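Chain by chain, the residues run as shown.
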Amino acid sequence: MTIGDGVHGVDGSSCTLSKSSSIINVRDRSKPVQKLSLIRKLAYGTGHVFNDMCASMWFTYLILFFHMVLRLNNAYAGLLLLIGQVADASATPTVGYLCDKTRCRYGRRKIWHLAGTVMVACSFFFFWHGCLGCRGVQIGYTVLYFSCFIILFQFGWAAVQISHLSLIPELTRDENERVGLNAIRYAFTILASLGVFVAVLLLLAKFSDNGRIEPDDEWLFSGMALGIVIVGLVFSMLFHLGTREPTTQAQNLLDSSEGRTVRWYKWFFKPNFYIVALIYMCTRLVVNLTQVYVPLYMLDTLALHKTSVAIAPLVIFMAGFVMTLLLKTINKTIGRYFTYTLGLLAVWVSLVCIFIYPEHIEFGPEWQNYMIYGAMILLGAGASTLLVTSLSMVADLIGCSVGSSAFVYGVMSFADKLSNGVAIQIIQALHPCKAQTCCPKCAGYYRYILAFVPGGAAVTAFVFLLFLLLVKLLKAKADRSRRSCPSRKWVHRSVQATDSASTTISHTSGEKTPLI
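A quick note: this is a predicted structure, and the numbers were derived from the prediction, not measured.

K.L.:
When you look at the nonpolar core in this model, what are you seeing that I'm missing?
P.N.:
One broad rule of soluble globular proteins: the nonpolar side chains tend to lie buried together. Of all hydrophobic cores here, the largest spans 134 residues; its most connected members are Phe124, Trp128, Tyr293, Met298, Ile372 and Met376. Counting residues per element, this core draws most heavily on helix α10 (residues 271-301), which supplies 18 residues. Those residues in contact with Ile372 that lie beyond four places of it in its chain are Tyr297, Met298, Leu302, Ile354 and Tyr357.

K.L.:
Would you take a moment to explain helix α4 (residues 108-123) for this structure?
P.N.:
Side chains that are three or four residues apart share a direction in an α-helix, a result of its 3.6 residues per turn. With 16 residues, α4 extends 24 Å from end C-alpha to end C-alpha; this agrees with the ideal 22 Å at 1.5 Å per step. For α4, the full list of buried residues reads Arg108, Arg109, Lys110, Trp112, His113, Gly116, Thr117, Val120 and Ser123.

K.L.:
How should a nonpolar patch on the surface be read in this particular structure?
P.N.:
Together, Tyr97, Leu98, Trp264, Tyr265, Phe268, Phe269 and Tyr274 make up an exposed nonpolar region whose accessible area comes to about 710 Å². In this structure, Tyr265 sits in the loop between α9 (248-255) and α10.

K.L.:
Hey, could you run me through the pattern of salt bridges in this one?
P.N.:
Charged atoms that come close allow side chains of opposite charge to pair. Per the stated rule, a full pass over the model turns up 9 salt bridges. For the salt bridge of Lys306 with Asp217, the shortest nitrogen-to-oxygen distance reads 3.3 Å. With Lys306 in the loop between α10 and α11 (308-356) and Asp217 in the loop between α7 (175-207) and α8 (218-242), the pair connects residues that are 89 residues apart, well separated along the chain. The exposure classification of Lys306 matches that of Asp217, with both residues buried.

K.L.:
Even after reading the chapter, I still don't get the packing of helix α3 (residues 74-101) against helix α13 (residues 405-429), so can you show me in this structure?
P.N.:
Each pair of packed helices can be described by the angle between their axes along with the distance between the axes. Running from N to C, α3 and α13 cross one another at 170 degrees; their axes reach a closest spacing of 8 Å. Classified by the angle between their axes, α3 and α13 sit roughly antiparallel to one another. When the residues that make up the contact of α3 with α13 are grouped by side-chain class, the tally is 15 nonpolar, 13 polar and 3 charged.

K.L.:
Would you mind going over the packing of helix α2 (residues 49-69) against helix α5 (residues 139-165) with me for this structure?
P.N.:
Running from amino to carboxyl end, α2 crosses α5 at an angle of 150 degrees, the nearest separation of the two axes being 11 Å. Judged by the inter-axis angle, α2 sits roughly antiparallel to α5. The element α2 and its partner α5 pack so that their crossing is left-handed. On α5, the residues that touch Asn51, Cys54, Ala55, Trp58 and Phe66 of α2 are Phe146, Ile150, Phe153, Gln154, Trp157, Val160 and Gln161. The residue inventory of the contact of α2 with α5, partitioned by class, reads 9 nonpolar, 3 polar and no charged.

K.L.:
What am I meant to see in the environment of Leu226 here?
P.N.:
Note on placement: Leu226 falls in helix α8. For Leu226 and Phe125, which are 101 residues apart along the polypeptide, the C-alpha to C-alpha distance reads 5.9 Å.

K.L.:
Honestly, the packing of aromatic side chains in this entry has me stumped. Any pointers?
P.N.:
Any two aromatic rings considered together are summarised by their centre-to-centre distance and by the angle between their planes. Applying the stated criterion across every chain yields a total of 30 aromatic pairs. For the pair Tyr145 and Phe146, a centre-to-centre distance of 5.3 Å together with 75 degrees between the ring planes defines the contact as edge-to-face. For the pair formed by Tyr145 and Phe146, the shared burial category is buried. Ring plane angle 70 degrees and centroid distance 5.4 Å describe the contact between Tyr145 and Phe149, whose orientation is recorded as edge-to-face.

K.L.:
Would you mind going over the environment of Val471 with me for this structure?
P.N.:
Residue position: Val471 is located in helix α14 (residues 441-484). Distance in space between the C-alpha atoms of Val471 and Ile275 is 9.6 Å, their sequence separation being 196 residues. Setting aside chain neighbours within four positions, we find Val471 in contact with Asn272 and Ile275.

Quick notes on the rules
- Residues numbered from 1 in each chain as written.
- Predicted model: local features only at pLDDT ≥ 70, side-chain atom pairs only at ≥ 80, totals over all residues.
- Heavy atoms only, no water.
- Core = buried A, V, L, I, M, F, W, Y, C linked by side-chain atoms within 4.5 Å.
- Buried < 20%, exposed > 50% of the residue type's maximum accessible area, 1.4 Å probe, protein only.
- Helix = DSSP H or I, 4+ residues; strand = E, 2+ residues; numbered from the N terminus.
- Contact = heavy atoms within 4.5 Å.
- Expected span 1.5 Å × (residues − 1).
- Patch = residues over 30% accessible without salt bridge, like charges linked within 9 Å, V, L, I, M, F, W, Y side chains within 5 Å.
- Areas by Shrake-Rupley, 256 points an atom, 1.4 Å probe, with all protein chains shown as cover.
- Salt bridge = Lys/Arg side-chain N within 4 Å of Asp/Glu carboxyl O.
- Axes fitted to C-alpha atoms, helices over the stretch in contact; angles between N-to-C directions.
- Parallel < 35°, antiparallel > 145°, perpendicular 65-115°, else oblique.
- Nonpolar A, V, L, I, M, F, W, Y, C, P; charged D, E, K, R; others polar.
- Left-handed = near helix turned anticlockwise from the far one by under 90°.
- Phe/Tyr/Trp six-rings, centres within 6.5 Å; stacked < 30°, edge-to-face > 60°.

Written as structure tokens, this is what we have:
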């Protein structure tokens, strides 16, 4: 956002900075909203591609890699993922607070993005490769080895995510433009994920004859990690070259506005802050838990060929990509709440299909093997709708308070990462198979996990959505009451003025006329 641009608040008002003053004019709708060019939007979208490719590998294949390739048991695999999620959850509010306070000529958001990119590039490869020097040592050393690289990776990942998200409220004040930026961001997320899954599919189909994931497939995951680092650095460079962050002068003018900017600790006194955070947390539980356990469901429950661990996520993300192209129009037509509800319905239907689908379908007719992908299409469309719309709700919540936007995104991400890590660790700890390899008990377990855990999170999100709608309706009713009924102080002053005028008239006419 440059000098003269503005931002929208959740109440529909706008904030505008003039060149000659640091005062923010509220409800100034006379000036047209400045639209971002397509080049700037696309350049912004490239800024999270590196993170997205890493996240696709992290959530989709980390448990599978540790358990089936490195032969760690389910509890240790879940523990390593939990360590990463806790590190990420701890880093996000800290990075958010520091990002808001940073003053840098290069850009307070972009400098954190750059630092995070370097940390991710230096650490990502090492936990997709066997532990160096761990042969013959205790399992605790192996866990410690991977934990060091995972923690460094998660701190860098958080720095990139928070700095990238917090740019949205600063780049535009228009709500539809923000939805468009979120949609472009998620479209790049899907394209990045599609690239990862297509590469995994080609490698599995061309270089692997066995139908199961085995320790011999370690080279495939290590090679994928190295390729992601190289490609990710290229896209990060495009982001830094093509994205212009608001100047330090504009940031200072906006941050010094006492009337519209919310200080970071004041967010904790706003009920909508908690409701939106819980909606975003439940959304991420739906998206991430399905991403983690769909590949295991395909391998162990349906007993499909190992290429299905790439095909199923590929179908999910392709459906999500198509949906992102429509979300801006849908949001503008029916609003946030109905759009989010449509996404929930699609997710519920897909999870019901997953639950009732028969096990070990490789023994059935061949056409039956492909019917499950219809449920994956619904799941992808619903998940992308939930994620883009929930991120737009967060941007609406921030409104004009862009000076503390990184902190808000940090808290949202804290709830997201911590809840996902705890949920996955509990699922892995309760796993009926305690051996290093899977047993027949795994088949039914993943079916119930996919149906009830993300499904329960979707139901919880709907409940909080109703709470948010109720709070909004009550606030609108209170605003109408204040506009229609003058305050008691104003009435008192009006009566005093009328009293004084009547007394003056009475003195002029020589009569004492009572005020009626």
